[in-house]
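Residue-level structure breakdown
Spelled out from the first residue to the last, the chains are:
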Protein chains: 2
Amino acid sequence: MNELEEGLKLELDFGKLAAVAATGAQVVPVVLQDADSGEVLFVGYANERALRASLDEGIAVLWSTSRNELWRKGATSGDTLALVEVRVNCEQNSLLYLVRPTTGGACHTKLPSGQARRTCYYRAIGDEGALRPVPGLYE
Amino acid sequence: MNELEEGLKLELDFGKLAAVAATGAQVVPVVLQDADSGEVLFVGYANERALRASLDEGIAVLWSTSRNELWRKGATSGDTLALVEVRVNCEQNSLLYLVRPTTGGACHTKLPSGQARRTCYYRAIGDEGALRPVPGLYE
């Protein structure tokens with residue numbers, strides 16, 4: 001078990017944004033939301049190239065801030081997200097991708113059944129600051 | 001009219017994350033979602049203090065990356081967001097605040113009626129890369 005991903009200890013990585021910026025990437029945060037259920041799937045990052053590729057190809061494309069390359073979500077896992085619409089916030093410094101999952105999965109972590117979780121937000125902060133599984137999402 | 005906020009020209013600020021990181025802030029992105037409607041309201045940032053204040057006070061508290069201070073959403077505008085739950089993503093580098101708007105508004109921009117918009121994502125990218133109003137959200 002990957003303790004950070006499956007465990008119930010809150011260990012937030014507050015250094016992530018600084019690490020992203022340190023790569024020199026010119027990116028905005030992107031919220032990926034299921035266009036039908038309204039479920040928030042995950043947060044990614046997009047630069048101009050990723051946004052352009054998303055619009056051109058009709059799928060969610062992001063910029064991988066760990067690999068520093070274009071990331072067609074699902075290219076490896078198969079969990080492609082069809083793009084329905086891209087929305088922009090008031091200050092034009094973030095994006096909302098409304099998507100339609102093609103396999104039901106969106107997270108790289110898996111349910112005990114082996115199926116990819118449909119959202120990355122399967123744990124909530126409970127009393128005493130520990131995490132607790134969200135019923136129906138964690139397992 | 002503020003062209004960036006109300007206009008229909010796409011002018012994304014890809015320098016925002018680098019600017020946030022340059023302040024030295026140790027923050028994670030936070031998606032604010034209406035717990036009842038599922039609508040994504042906006043993306044903010046939280047450091048450890050903001051998260052702690054949110055949980056302690058039961059309202060959405062963020063870290064203002066422009067003012068470098070704790071930001072109790074609604075302290076000035078009145079558009080406080082009651083906190084329902086905080087969820088954490090797989091890699092523990094972003095948060096999802098499930099909230100309940102107390103006034104109906106969440107964006108600092110306003111409808112022609114003078115009421116604060118309920119979400120900051122009131123424009124979508126249309127054909128030719130121009131923005132178009134989302135019906136029912138822009139006005």
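Residues numbered from 1 in each chain as written. Chains lettered and ligands numbered in written order. Predicted model: local features only at pLDDT ≥ 70, side-chain atom pairs only at ≥ 80, totals over all residues. Heavy atoms only, no water.

**Regarding the UniProt feature "domain: Phosphoribosyl-AMP cyclohydrolase" (unreviewed entry) in chain A**
- According to UniProt, the feature "domain: Phosphoribosyl-AMP cyclohydrolase" (unreviewed entry) maps to residues 43-121 of chain A in the numbering used here.
- Its end C-alpha atoms 10 Å apart, residues 43-121 of chain A is made of 13% helix and 34% strand. (UniProt positions renumbered as here; feature names shortened; annotations may be inferred. Helix = DSSP H or I, 4+ residues; strand = E, 2+ residues; numbered from the N terminus.)

**Observations concerning the nonpolar core**
- If you look at the biggest cluster of nonpolar residues, it comprises 80 residues, and the most contacted ones within it are Leu-32, Leu-95 and Tyr-97 of chain A together with Leu-32, Leu-95 and Tyr-97 of chain B.
- When near neighbours in sequence (up to four residues on either side) are disregarded, Leu-95 of chain A contacts Val-28, Pro-29, Val-30, Val-31, Ala-46, Leu-51, Val-86, Arg-87 and Val-88 of chain A together with Leu-12 and Tyr-121 of chain B.
- Tyr-121 of chain A together with Val-31, Leu-96 and Tyr-121 of chain B belong to the second largest nonpolar core, which has 12 residues in total. (Core = buried A, V, L, I, M, F, W, Y, C linked by side-chain atoms within 4.5 Å. Buried < 20%, exposed > 50% of the residue type's maximum accessible area, 1.4 Å probe, protein only. Contact = heavy atoms within 4.5 Å.)

**Quick notes on the sheet that holds strand β7 (residues 123-125) of chain A**
- Reading across from one edge, β8(A)-β7(A)-β5(B)-β6(B)-β1(B)-β2(B) is the order of the 6 strands in this open sheet, with mixed pairing throughout. Where the open sheet ends on each side, the last strands, each with one partner, are β8 (131-133) of chain A together with β2 (40-46) of chain B. Here the strands of the sheet are splayed against their neighbours by 35 degrees on average, with no regard to which way each runs.
- Across 3 bridges, the pairing between β7 of chain A and β8 of chain A is antiparallel. In the sheet register, Ile-125 of chain A faces β8 of chain A, and the bridge partner there is Leu-131 of chain A. (Pairing = 2+ DSSP bridges. Axes fitted to C-alpha atoms, helices over the stretch in contact; angles between N-to-C directions.)

**Quick notes on the side chain of Glu-5 of chain A**
- You can see Glu-5 of chain A is positioned in helix α1 (residues 3-6).
- In this structure, Glu-5 of chain A is buried with no salt-bridge partner, the nearest side chain bearing the opposite charge being Arg-117 of chain A at 7.0 Å.
- Discounting residues that sit within four places of it in the chain, Glu-5 of chain A has contacts with His-108, Thr-109, Tyr-122 and Arg-123 of chain A together with Cys-90 and Glu-91 of chain B. (Lys, Arg positive; Asp, Glu negative; His and termini not counted. Salt bridge = Lys/Arg side-chain N within 4 Å of Asp/Glu carboxyl O.)

**Some words on the relation of the copies chain B and chain A**
- Superposing chain B onto chain A takes a rotation of 180 degrees plus a shift of 0.0 Å along the axis, which leaves an RMSD of 0.0 Å. A rotation of that kind, with that shift, is consistent with a two-fold axis. The C-alpha atom lying nearest the rotation axis in chain B is that of Gly-38 of chain B; the distance is 2.6 Å.
- Taken as a fraction of all interface residues of chain B, those also at the interface in chain A reach 100%, which identifies the copy contact as same-surface. (Least-squares fit on C-alpha atoms with pLDDT ≥ 70 in both.)

**Section: the interface of chain B and chain A**
- On the side of chain A, 54 residues touch chain B, which itself brings 54 residues to the contact.
- A per-residue breakdown of the area chain B buries against chain A is headed by Phe-14, Cys-90 and Gln-92 of chain B, which together make up 18% of the total.
- Our count for the chain B to chain A interface comes out at 2 salt bridges.
- Between Arg-132 of chain A and Glu-85 of chain B there is a salt bridge, and its shortest N-O distance comes to 2.6 Å.
- Our enumeration of links across chain B and chain A arrives at 26 residue pairs in polar contact (both at pLDDT 80 or more).
- For the side of chain B that touches chain A, the per-class residue count stands at 32 nonpolar, 11 polar and 11 charged.
- Bridge analysis of strand β5 (residues 81-88) of chain A against strand β7 (residues 123-125) of chain B gives 2 bridges, and the strand direction is antiparallel. The partner of Val-88 of chain A across the bridge, within β7 of chain B, is Arg-123 of chain B. (Buried area = accessible area lost by both parts, 1.4 Å probe. Polar contact = N/O pair within 3.5 Å; in protein donor to acceptor, adjacent residues only side chain to side chain. Nonpolar A, V, L, I, M, F, W, Y, C, P; charged D, E, K, R; others polar.)

**Thoughts on the pairing of strand β5 (residues 81-88) of chain B**
- Counting buried positions over the 8 residues of β5 of chain B gives 6, a clear majority of the element.
- Taken together, β5 of chain B and the strand that follows it, strand β6 (residues 95-101) of chain B, pair antiparallel across an intervening segment of 6 residues, in which Gln-92 of chain B is found at a positive phi of about 55 degrees.

**Looking at the pairing of strand β4 (residues 69-72) of chain B**
Residue and element names in this part refer to chain B.
- As judged from the 4 bridges shared by strand β3 (residues 61-64) and β4, these two strands associate in the antiparallel manner. Each bridged residue has a counterpart across the sheet, and for Trp-63 the counterpart in β4 is Leu-70.
- The loop that links β3 with its antiparallel partner β4 comprises 4 residues; one of these, Asn-68, has a positive phi angle of about 50 degrees.

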